[in-house]
Amino acid sequence: MDEIQIPLSSPDITEAEVQAVVDVMRTRHLSLGPKGPEFEEAFRQFLGVDHAVAVSSGTAGLHCCLMALGIGPGDELVTTPFSFIASSNVIKMVGAKPVFVDIESTSLNMDVAKAQKAITEKTKAVLGVEAFGNPQGMHETAMLAARHEIPFIEDSCEALGSSHKGRKAGTFGRCGVFGFYPNKQITTGEGGMIVTNDRKLAELCRSYRNQGRDPGGSWLSHERLGYNYRMSDINAAIGIVQMQRLPEIVEARQRVAHDYVQQLLDEPHIILPTIDEETVMSWFVFVVRLTGELDAGDRDAILTYMRNHHIGCSNYFPPIHLQPFYAREYGYKRGDFPVTEYVADRTIALPFHNRLTHMEIEVVVHRLREAIGRRLAAK
Ligand SMILES: Cc1ncc(COP(=O)(O)O)c(C=O)c1O
C-alpha cells in the first residue's frame, strides 16, 4: 500500500487537448486569434448568458469586475472569510475594504442573515463565494443585494457545472467569475472567465483585460488604466476541448464523490459534505470535516500521517481573516468568526480528481480511518 502515490488533484487532459494546443502552435495566432472568442462562445452558451469574457485567471476576472462596477477606495464589500484568499485580495486590489461575515455551517457559504446585518451605506457590493462548488444560498444572497440595490458579484471559481433550483452557478449575480487553474473542474493551465448579462460591464471588462483599450478601438489608444489580463489562444484551445468534455468530467467527479460518501458513511468521526436536495453538485474538491472531539492539532496530525503514506491532502481553507496580512491590516483575531474557525480547524480535503479509482479511494479511506483511530487512542 505504501508504494501508492495518490495526488490531491490532477488535471484530466486527453489527446484532444494536446492536439488542440499543437494546432494553435502551427498558426500565427498564439494570442488574440480565433480561439479566445470560440472559448467565450462555448461558455456563453453553456451558461445561457449574454456575455462571456476570457481572462488570464479567476483573480484577474474578479479584479476586472470590481473595476467595471466602479468599486474603489472608501467602499466596503460584504464577503466570506471561508474561501481561497483571492476573493478578498481583489477587494484590496481596488482599494476597498472586505467586511467579513461568518458562514452557515452546512453549505459553508456566507450566512445571509448575518450578511444582511453587515450591510451599511458604505457597502457597495456583496461578493459571494460558492465554497467547494456549492451554490446553496446564492438565490438569497442575490435577493439581499437586490433589496439594497447593490450588485452581487458571484465568485464561481470553484463551481463550474453546479446548479441550485435549476439555476447554474455563475448566473445568480450581476456578474460571475470562473477559474481554470489545473485543480478546477476544467483547466486551461491558468485562466478565468467573466459572465454577465450586462453589456456595459462586459465591455469594460474587455477593456480592463486589454490595457484599457476600447473593444474595437485602436491598438495604441488607451481609454483607461488597464492590465494585460488576456487569455492566449493556446490556453483557450485547451478550454474549448475541456468545455466539450464538461458533462463527462462532472459525471466522473460525481462518481468519485459518491464513492467517498459510500465508503465514509459509517465513520462516526467524519462529517461528510452536506448537499441539499435542490443542488446539483459539480464537485471541485472533496472536503470532509472532523467531529468536535478532534481539533486543529488532531487534524494537522492526520494530514501529516496521510502525507507520510503518500496521500495528498490539505486543510482547505484557513480563514482569510486570520491570514497574517488580514490580521495585521484589520486587527482580526481568533473568535471573530467562530463558525468559520470551527469548520476551518477540522477540514480535510481528500485526493480528488476525475480518474481516481475505487481502489485508490479505499486506500485513502483506510488511511484516514487509521489516522483518526490513532489520534483518538492518544487522547
Ligand atoms: C473561490 C476562489 N476565488 C478565486 C480564485 C482565483 O482563481 P485563480 O487561481 O484562477 O486566480 C480561486 C481559485 O484558485 C478560488 O477558489
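What you see is a predicted model, and the numbers here were worked out from it, not measured in a lab.

Rules used in this analysis
- Residues numbered from 1 in each chain as written.
- Predicted model: local features only at pLDDT ≥ 70, side-chain atom pairs only at ≥ 80, totals over all residues.
- Heavy atoms only, no water.
- Phe/Tyr/Trp six-rings, centres within 6.5 Å; stacked < 30°, edge-to-face > 60°.
- Lys NZ or Arg CZ within 6 Å of the ring centre and 35° of its normal.
- Pairing = 2+ DSSP bridges.
- Helix = DSSP H or I, 4+ residues; strand = E, 2+ residues; numbered from the N terminus.
- Contact = heavy atoms within 4.5 Å.
- Axes fitted to C-alpha atoms, helices over the stretch in contact; angles between N-to-C directions.
- Near = heavy atom within 4 Å.
- Polar contact = N/O pair within 3.5 Å; in protein donor to acceptor, adjacent residues only side chain to side chain.
- Areas by Shrake-Rupley, 256 points an atom, 1.4 Å probe, with all protein chains shown as cover.
- Nonpolar A, V, L, I, M, F, W, Y, C, P; charged D, E, K, R; others polar.
- 1 Å grid on protein atoms, 1.4 Å probe; cavity = no way out; pocket = protein on both sides within 12 Å on 5 of 7 lines; lining within 4 Å.
- Points joined across faces, edges and corners; volume = space filled by probe spheres on them.
- Domains from an automatic or database assignment.

### Points about the packing of aromatic side chains
Then step 1. Evaluation of the coordinates by the stated rule reveals 18 aromatic pairs.
Then step 2. Geometrically, the ring pair formed by Tyr-316 and Phe-317 is stacked, given 4.8 Å between the ring centres and 20° between the ring planes.
Then step 3. Taken together, the ring pairs in this structure connect Phe-100, Phe-325, Tyr-326, Tyr-330, Tyr-332 and Phe-337 into an aromatic cluster.
Then step 4. Its end group placed over the ring of Trp-219, Arg-213 keeps NZ or CZ at 3.3 Å from the ring centre.

### Some points on the sheet that holds strand S12 (residues 286-290)
Then step 1. Read across the sheet, 3 strands follow the order S10-S12-S13 without closing on themselves; strand pairing throughout is antiparallel. What marks the edges here is a single partner per strand, and that holds for strand S10 (270-271) and strand S13 (347-350).
Then step 2. Where S12 and S13 come together, 4 bridges link them in antiparallel fashion. Looking at S13, one finds that Phe-286 is bridged to Leu-350.
Then step 3. Lying on the sheet, helix H9 (residues 246-264) is in contact with S12 and S13; it crosses S12 at an angle near 25°.
Then step 4. Its contacts with the sheet place helix H10 (residues 296-308) against S12 and S13, and it is angled at close to 20° to S13.

### Examining the site of the ligand
Then step 1. Neighbouring residues of the ligand: Ser-57, Gly-58, Thr-59, Ser-83, Phe-84, Ala-86, Val-129, Asp-155, Cys-157, Glu-158, Lys-184 and Gly-191.
Then step 2. One of the side-chain N or O atoms of Glu-158 is found 2.6 Å from an oxygen atom in the ligand.
Then step 3. In the complex, the protein chains occlude 93% of the 390 Å² of accessible area that the ligand would expose alone.
Then step 4. Taken together, the residues of the shell around the ligand break down into 4 nonpolar, 5 polar and 3 charged.

### Some details on the sheet that holds strand S6 (residues 163-164)
Then step 1. With respect to topology, 3 strands assemble into an open sheet ordered S7-S6-S11, the strand pairing being antiparallel. Strands with a single pairing partner mark the edges of an open sheet, and in this sheet they are strand S7 (167-168) and strand S11 (279-280).
Then step 2. As paired elements, S6 and S7 share 2 bridges and run antiparallel to each other. Residue Ser-163 lies in a different strand from S7, and its bridge partner there is Lys-168.

### Quick look at empty space enclosed by the protein
Then step 1. Applying the stated criterion across every chain yields a total of 3 cavities of 30 Å³ or more.
Then step 2. Its boundaries defined by the atoms lining it, the largest cavity holds a volume of some 140 Å³.
Then step 3. Lining the largest cavity are 15 residues, with Leu-108, Phe-132, Pro-273, Thr-274 and Ile-275 positioned closest to its centre.
Then step 4. For the lining of the largest cavity, a count of residues per class yields 10 nonpolar, 4 polar and 1 charged.
Then step 5. Inspection of the lining of the largest cavity shows a minimum of three residues originating in each of domain 1 (15-244) and domain 2 (247-377).
Then step 6. Along its surface, the second largest cavity is lined by Leu-8, Ser-9, Asn-183, Arg-253, Phe-284, Val-285, Tyr-316, Ala-349, Leu-350 and Phe-352.
Then step 7. Among the residues forming the lining of the second largest cavity, the class breakdown is 7 nonpolar, 2 polar and 1 charged.

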